[in-house]
Amino acid sequence: MIISKMDFLDRAQLDGETLEVWIEERWLVPRSTAAELTFSEADLARAQLIRDLTRDLGVNDEGVGVILNLLDQVHGLRKALADVLQSVHERSAPPDLGH
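The rules behind each value
Residues numbered from 1 in each chain as written. Predicted model: local features only at pLDDT ≥ 70, side-chain atom pairs only at ≥ 80, totals over all residues. Heavy atoms only, no water. Salt bridge = Lys/Arg side-chain N within 4 Å of Asp/Glu carboxyl O. Helix = DSSP H or I, 4+ residues; strand = E, 2+ residues; numbered from the N terminus. Buried < 20%, exposed > 50% of the residue type's maximum accessible area, 1.4 Å probe, protein only. Phe/Tyr/Trp six-rings, centres within 6.5 Å; stacked < 30°, edge-to-face > 60°.

Chemist: So what about the pattern of salt bridges? Which residues, and what values?
Modeler: This model, assessed by the stated rule, comprises 7 salt bridges. The closest approach of N and O atoms between Glu-20 and Lys-5, which form a salt bridge, is 3.1 Å. Placement of Glu-20 in helix 2 (residues 16-24) and of Lys-5 in helix 1 (residues 5-12) is noted, with a sequence separation of 15 residues between them. Across the pair Asp-43 and Arg-31 runs a salt bridge, and its minimum N-O distance is 2.7 Å. Linking Asp-43 in helix 3 (residues 41-56) with Arg-31 in strand 2 (residues 31-32), this pair joins segments that are 12 residues apart in sequence. In this structure Arg-31 comes out as partly exposed when scored by relative accessible area, which is 43%. Each member of the salt-bridge network shares a partner with another, and the members are Asp-7, Arg-11 and Glu-41.

Chemist: Could you give an account of the packing of aromatic side chains, with specific residues and numbers?
Modeler: This structure, assessed with the given rule, holds 2 aromatic pairs. Aromatic pair Phe-8 and Phe-39: ring centres 3.9 Å apart, planes at 15 degrees, arrangement stacked. A residue pair is termed long-range when its members are at least 10 positions apart, and Phe-8 in helix 1 and Phe-39 in strand 3 (residues 37-39) qualify at 31 residues. A relative accessible area of 0% places Phe-8 in the buried class.

The structure is reproduced here in structure tokens:
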């Protein structure tokens, strides 16, 4: 689902200045159309995580960057593992004999 910038700001409970900083830090990478920036549900979840880290847990900017980097690595590894497991399952499946 595509989320407009204004809707994103409202749903993420952010102001425009904070959003610009987070985009500059590359904590969020919205899609850019000719008309405006757009966001995904994953971007919204990431913004809510960043907000929780900074406001509720008191994590500083450097810490947020480290945490997001680690989370991105974990997600990448999970995807790679899922791909490997899918490949193993496909190779170990009995051949289809057309029955």
